[in-house]
Amino acid sequence: MAWLPLLPTLILTAGALLLLLAEAFRRPGSAAGMAWGALWITALGTGATGVLATWGPLEGIYRMVLWDRGAFWLSLTILVGTGIAILFSQRYLADRGIERGEYYAFLLLAAGGMLLMAVAADLLVVFLALEWLSFPLYILAGFARPQPESEEAALKYFLLGAFASAFLVFGIALIFAGTGLTNLSDLAAWLRRPDPGAQSLVWIGGALLLVALGFKAAAVPFHLWTPDVYEGAPTPITGFMAAATKTAAVAALIRVFWTGLGPAMDLWAGPVALMAAATMLVGNGVALLQSSFKRMMAYSSIAHAGYLLMGLLGEPSLALPGVMFYLLAYSIATLGAFAVAVRMAGPNGEDQSFGAYAGVARGSPGMGAAMALFMLSLIGVPPTAGFFAKLMLFAAAWQAGWIALVLIGVITTVISAYFYLRVVVAMWMDRPEPRHLPRPDPGARLSMALSAFATLFLGVLWLMLGGLSL
Amino acid sequence: MSLILALVLTFVLAAMAPRLHGLLREASGWVLALWPLAWTIYLGGLTGRITQGDPLYIRYPWMPQLGVSLSFYVDGLGLLFGLLISGIGALVLIYSGGYLKKHRHLGRFYLFILSFMGSMLGLVLTGNLIALFVFWELTSLSSYFLIGFEHEREEARQAALQALLVTGIGGLALLAGLLLLGEAGGTLELTVLLERGEALRASPYYLPALILILVGAFTKSAQVPFHFWLPNAMEAPTPVSAYLHSATMVKAGVYLLARLSPALGGTAAWQIGVTGGGLATMVLGAIMALGPSDLKRILAYSTVSTLGALTFLLGLGTPLAVKAAMTLLLAHALYKGALFLVAGAVDHETGTRDVWKLGGLGPSMPITATAAGMAALSMAGLPPSLGFISKELLYEAQLHALHLPALLAGAGVLASALLVAVAGVVGLRPFFGHPVHRTGHLHDPPPSLWLGPLLLGGAGIALAIAPDMAASPLTTAAVSAVLGKPTVVELRLWHGLNPSLALSALTVLAGAGLYAAQPFLLDIAARARLKEWAARWGPQRGYERMLQGLNALATTQTRLLQSGFLRFYLMIIILTTIALVGSTIAIREPLSRWMGRIVDARPYELMIVVLMGLATLMAVLTSSRLAAVAALGIVGYGVALLYMLFGAPDLAMTQFAVETLTVILLVLVVYRLPRFTRLSGRPARLRDAALALAAGGMMTALMLMVLSAPLKSRLAPFFAANSLTLAKGRNVVNVILVDFRALDTLGEITVLAVAAIGVYALLKLRME
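All of these numbers come straight from a predicted model, not from anything done at the bench.

A tally of regular secondary structure across chain A gives 18 helices and two strands. Relative to the compact-globule value of 23 Å for 470 residues, chain A shows a C-alpha radius of gyration of 21 Å, a close match. Overall, the C-alpha framework of chain A stretches about 70 × 55 × 45 Å when taken along its three principal axes. Counting every position in chain A, which comprises 470 residues, the buried fraction comes to 66%. If you sum the accessible surface of chain A, you get close to 15600 Å²; carbon and sulfur atoms cover 71% of it. Computed over 24 positive and 22 negative side-chain charges, the separation of the two mean positions in chain A equals 7 Å.

Below, the structure written as structure tokens:
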């Protein structure tokens, strides 16, 4: 029973190892089979998550992991992100001749680390999960070898990530030095009756944790790596990072700052609020000035980190479901947008400037409509899922008294409409240049369709339930 | 319910318009106009109950816990606006069908203009502040697409962007203001807020909310100093100028002020802000209207002036002023819409809109000239027109103002006289005098192009002659809504001999004089280099500066922050950490607590420390990589020696081994690297030194703090007590490694083995 919270992680990790083993023995030209294998493993993991969903709070392994409702929603979001990322990766990799089994194995490994983060109940597990999910990502960011941008992205991400991890370890060490504890709920109990002599060590440890997790979540001012890495990494990986890694980082923030440092909220609320405000303003403001879709999406992911940080400060009964729903809605819309971006990438070299998107919707109206839907959801226009997600977060922050933050959030949301709609306008209104999309890509098409359906479905579901319960 | 359905259907129709246009071709304008006509009839049907003081209020609680609901509120004010929007909308759609007949994107034009109509109707009919903002931004957005409709032209794109930025940023301010208002009033429902005026005006949020809302209203309604986008927006096709930029959209700000005046009005801040802004705009707009030679630009400036007058009147807020405002609103929408459409018809037939190149068109275009004449009559404020009634009321309101009635009346006469002259320029000059334009045979345009102006111009006269038919009830309802109490308005052409009439007579005389003197005045303005002066100091310049600034900011941001240099990204992270951690230390830890520990050291310990310090300095200062590596090695050995001195020989041995290995590895790598060539300059070095010192200082402080905290570990006593009894070993560290944590060690060894295999594989690959 103690192992149950780890079940999804174990399934994905075991699957990854199996794939690695299979890679050594597979016939050349059968790489697509690996994608299928990875999909099945993800489906199995999702099934396990679904089975666990009905179980109540479940502690395991010396109280180091914890399965609760939050863990379920986070795991679901991560698994959906992984599945969709596998779907739209296959053709992209095949076109570039870099389709190897390792790709899917690393993807699953990273997802396994993220799932571990979702159930972390101990600072050491947070650290373990962070490293577990990061290392495969470092490799995946550089997977488009020998493209120099991809290698540069990988190296930058690795070096800065290692640096951030060092902060995390140091923060954990300081907290341990002050309290002798690493368990998050014990830490919360300690903070309710703190020992004044050791308090400052805990605060400083918390500050260092904020730096490290802020880095992973791409919050300002630790966001600087994001545009470079997102631009250089292979497009499907960028999508995966924007959705699933963001979810895992927010999961870590939730676990550490709500579960662990929750009683000390007065102390970290100020810095987090500043970070949230700066992240919303910088993310949306700079996104306005981008001319490449991938870079725009990088800043978009920064901006949404800001909204999520704001949610972290919200009134808990609204904020907890709010953050969960926001992550799901944001991940799906982002993955859908990246499915379009993957579809736009030709087999040799890719142009992600807005100019390349001009008039594409005339040739493929379905894709144009899907993109419009994703962008509307990212802005937060009813009746898409994104609207209700934002509504919940804003309401939570408003009720907790963060009026200035909500004002910034609302205003930056309006600003964001301009850059998100730019893509839609380019796709629908601009004159098409005579250019052909590469051969059909059923994986990307399925990803788009699923994401579009989910974006609307979640929205409509919320619409129908919203009036009754919330 | 029917209201919501109608609104939704308007957007559905907009979405289908391009398809419909494809089917109907020539007749599309006439057919599409049926929908706004239906709106007009529907709203007209509501007039009865609304004038009886029974406004329509529909509300669907949607998310009651969050106070969000779908609500619509139709009172006299909404009704007046709704009728103008739908009625003029129908005529403009017919007109567009003829005016843009040959344009290949006419279908798309219908899409935009119908979505605008839906948004504008939503804006004036909604009862929720959030919905109001959404519709507000939607009108800005559709205006952007309509101004930039002929997007092949650079000026059109520029003007569209300008309008969008100015009104869009104003919209953001408005949103912030509305949210603050909602917070102050405890609700986002308009009807409830209007009843809580007292509480709102007493709230601490009142002033910021008012300022933000005024910025929103002023940008939208082109008040000075945000007026410049409106004349530039004349790049839009003429039906758009007639509809959005004179009759409806630019009045959204006025609508907002009127709507919120029961809640926000009456305070000193309101009086100063709204009245002052409106007065300045009224006078400046009228003066600037004399300048341009383009018919549409002249009309645009005169629109600015009238918008100023409306704002001014709402600022006064007396029953007389509100009465004047509502009448002027109606009169202006009718005559200005007509004049724009006439300008379009003239442009359509002659190919020019330059007033100095037009003349004597009357005999060949009699219908157009009649429409223009009627509209100009109303604009000049001559009887028997609605414009006359509204101007009389304006004077009356000004003369009865509480403060400075003489000054206000003087400003009113000046602006009105200027508008008389402008009415002459746009309504008389092109149609009378010598025919200037001789190319080809001129004639009236097709019915679609003259029906609109003729009906609008005629309405301005007919409503004045028989005010009780429509004008009086409509204004009564609107004025009652704005004042928040039932008020009866009886419009009359003849008010008897009173001061207002005298002022009117004076206005007409002065206006005629100005009309005659216009060339002379323009000459003076040219000599005084007014245009150059305005270009250098005017608000448009400010806008351009802002755009340049934004671009510069973007470049600077990219260059400074997004430089791509890893070291820079690291620097930011470290700096933030220092700020976060350092501030915590500074706030919570008195320095004296651990200063004492530093002094407590023996001489040979100090010697080693000094040696390590020197080695660090050398590593930093040397320009040879090998020397730097060697120096770092010295630091490492120093640490190992300290371990030894403090009685941890096993730790020291490990450190020696690690240091040696590191130095060897580094030397192997460094050997293959080129020499340093591009060393950073002095400022960069100083910056880096400061950063390094700060980071080092922070780490030192942290270490000292950790040491001063009592470590309550349960592990050390456990291992000390049990290593001999349980594991038969005296060296606790060794026992932990091979016994208590044997599984961990096994794992580590496995990892090392795997890594070694990996390295071996890589090496082998390299050799092959």
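As a further point, take the packing of helix 2 (residues 31-53) of chain A against helix 3 (residues 69-96) of chain A. All names here are of chain A. The N-to-C vectors of helix 2 and helix 3 enclose an angle of 165 degrees; their axes lie 10 Å apart at closest approach. Considering the angle they form, helix 2 stands roughly antiparallel to helix 3. Judged by the sense of rotation from one axis to the other, the crossing of helix 2 with helix 3 is left-handed. Contact residues: helix 2 offers Ala32, Ala35, Ala38, Leu39, Thr42, Gly45, Thr46, Thr49, Gly50 and Ala53, while helix 3 offers Arg69, Phe72, Ser75, Leu76, Leu79, Thr82, Gly83, Ile86, Leu87 and Gln90. Classifying every residue of the contact of helix 2 with helix 3 gives 10 nonpolar, nine polar and one charged.

It is worth spelling out unusual backbone geometry at this point. Residues and elements named next belong to chain B. Cis rather than trans, the peptide bond between Val224 and Pro225 has omega equal to 5 degrees. Among the secondary structure elements, Pro225 is positioned in the loop between helix 10 (206-220) and helix 11 (229-232). At the junction of Pro383 and Pro384, the peptide bond is cis and its omega measures out at 0 degrees in the coordinates. Locating Pro384 in the fold gives a position in the loop between helix 17 (366-380) and helix 18 (386-399).

A pair of packed helices can be characterised by two numbers: the angle between their axes and the separation between those axes. Residues and elements named next belong to chain B. Taken N-terminus to C-terminus, the directions of helix 16 (residues 319-350) and helix 21 (residues 471-483) make an angle of 130 degrees; their axes are 9 Å apart at the nearest point. One finds that helix 16 runs oblique with respect to helix 21. Seen from above, helix 16 lies across helix 21 with right-handed handedness. In contact with Pro319, Val322, Lys323, Met326, Thr327 and Leu330 of helix 16, helix 21 contributes Ala471, Thr475, Ala478, Val479, Val482 and Leu483.

Below, the discussion takes up the interface of chain B and chain A. Across the boundary between the two partners, chain B contributes 50 residues, which contact 56 residues of chain A. Summed over both sides, the interface between chain B and chain A buries roughly 4700 Å², with carbon and sulfur atoms accounting for 76% of that surface. Here chain B is connected to chain A by zero salt bridges. Taken together, chain B and chain A are joined by two residue pairs in polar contact (both at pLDDT 80 or more). Elements that contribute at least two residues to the side of chain B that touches chain A include exactly strand 1 (56-63), helix 5 (106-125), helix 6 (129-147), helix 7 (154-185), helix 24 (539-560), helix 25 (566-588) and helix 30 (682-708) of chain B. The element that contributes the greatest number of residues to the side of chain B that touches chain A is helix 25 of chain B, accounting for 13 residues. Of the residues belonging to the side of chain B that touches chain A, the class tally is 34 nonpolar, eight polar and eight charged.

Residues and elements named next belong to chain B. With 21 residues, helix 28 (residues 625-645) extends 30 Å between its outermost C-alpha atoms, agreeing within 8% with the 30 Å of an ideal straight helix rising 1.5 Å per residue. Where helix 28 is concerned, the buried positions are Ala627, Ala628, Val629, Ala631, Gly633, Val635, Gly636, Gly638 and Ala640. The residue sitting at the N-terminus of helix 28 and contributing the capping side-chain oxygen is Ser624; that oxygen lies 3.3 Å from the backbone nitrogen of Leu626. Where helix 28 ends, the next residue or the one after it, Gly647, has phi of about 80 degrees, a positive value.

Here we take up the packing of aromatic side chains. Residue and element names in this part refer to chain A. If you walk through the whole model with that rule in mind, you get 32 aromatic pairs over all chains. A centroid spacing of 6.0 Å and a plane angle of 50 degrees characterise the contact between Tyr307 and Phe394, whose relative ring orientation is tilted. Of the two residues, Tyr307 sits in helix 12 (residues 293-312) while Phe394 sits in helix 16 (residues 385-399), which places them 87 residues apart along the sequence. For the pair shown, Tyr307 and Phe394 are each scored as buried. Between Phe453 and Phe457 the ring centres are 5.5 Å apart and the planes differ by 15 degrees, which places this aromatic pair in the stacked class. With Phe453 and Phe457 both in helix 18 (residues 442-466) and four residues apart, this pair spans about one turn of that helix. Using a relative accessible area of 54% as the deciding quantity, one classes Phe453 as exposed. One aromatic cluster in this structure is built from Phe135, Tyr138, Tyr157, Phe158, Phe215, Trp225 and Tyr230. A cation sits over an aromatic face here: Arg96 above Tyr92, 3.8 Å from the ring centre.

Glancing now at the environment of Pro445 of chain B. Residues and elements named next belong to chain B. Of note, Pro445 is situated in the loop between helix 19 (405-428) and helix 20 (447-465). Assessed through its relative accessible area of 4%, Pro445 is described here as buried. Along the primary structure Pro445 and Glu349 are separated by 96 residues, whereas in three dimensions their C-alpha atoms are 6.9 Å apart. Every residue in contact with Pro445, bar those within four places of it in the chain, is listed here: Ala345, Glu349, Met365, Thr368 and Trp450.

A separate point is a nonpolar patch on the surface. Residue and element names in this part refer to chain B. A cluster of nonpolar residues, Leu23, Leu24, Trp30, Val31, Leu34, Leu37 and Ile41, forms a patch on the protein surface that exposes about 680 Å² of accessible area. Taken together, the elements giving at least two residues each to the nonpolar patch come down to helix 1 (2-24), helix 2 (28-32) and helix 3 (34-51). For the nonpolar patch, the element with the most residues is helix 3, which contributes three residues. On the secondary structure map, Val31 appears in helix 2.

Before going further, it helps to spend a moment on the pattern of salt bridges. Residues and elements named next belong to chain A. Applying the stated criterion across every chain, the model contains 25 salt bridges over all chains. With its nearest N and O atoms 2.9 Å apart, the salt bridge here joins Lys156 to Glu152. With a gap of four residues between them, Lys156 and Glu152 both fall in helix 6 (residues 148-179), about one helical turn apart. When its relative accessible area of 43% is taken as the criterion, Glu152 is described as partly exposed. Through salt bridges with shared partners, a single network forms among Glu152, Lys156, Asp228, Glu231 and Arg295.

Calculation criteria
- Residues numbered from 1 in each chain as written.
- Chains lettered and ligands numbered in written order.
- Predicted model: local features only at pLDDT ≥ 70, side-chain atom pairs only at ≥ 80, totals over all residues.
- Heavy atoms only, no water.
- Helix = DSSP H or I, 4+ residues; strand = E, 2+ residues; numbered from the N terminus.
- Rg over C-alpha atoms; globule rule 2.2 N^0.38 Å.
- Buried < 20%, exposed > 50% of the residue type's maximum accessible area, 1.4 Å probe, protein only.
- Areas by Shrake-Rupley, 256 points an atom, 1.4 Å probe, with all protein chains shown as cover.
- Lys, Arg positive; Asp, Glu negative; His and termini not counted.
- Charge placed at Lys NZ, Arg CZ, Asp CG, Glu CD.
- Axes fitted to C-alpha atoms, helices over the stretch in contact; angles between N-to-C directions.
- Parallel < 35°, antiparallel > 145°, perpendicular 65-115°, else oblique.
- Left-handed = near helix turned anticlockwise from the far one by under 90°.
- Contact = heavy atoms within 4.5 Å.
- Nonpolar A, V, L, I, M, F, W, Y, C, P; charged D, E, K, R; others polar.
- Buried area = accessible area lost by both parts, 1.4 Å probe.
- Salt bridge = Lys/Arg side-chain N within 4 Å of Asp/Glu carboxyl O.
- Polar contact = N/O pair within 3.5 Å; in protein donor to acceptor, adjacent residues only side chain to side chain.
- Expected span 1.5 Å × (residues − 1).
- Phe/Tyr/Trp six-rings, centres within 6.5 Å; stacked < 30°, edge-to-face > 60°.
- Lys NZ or Arg CZ within 6 Å of the ring centre and 35° of its normal.
- Patch = residues over 30% accessible without salt bridge, like charges linked within 9 Å, V, L, I, M, F, W, Y side chains within 5 Å.

Fair warning: the whole summary comes from geometry, so function is off the table for now.
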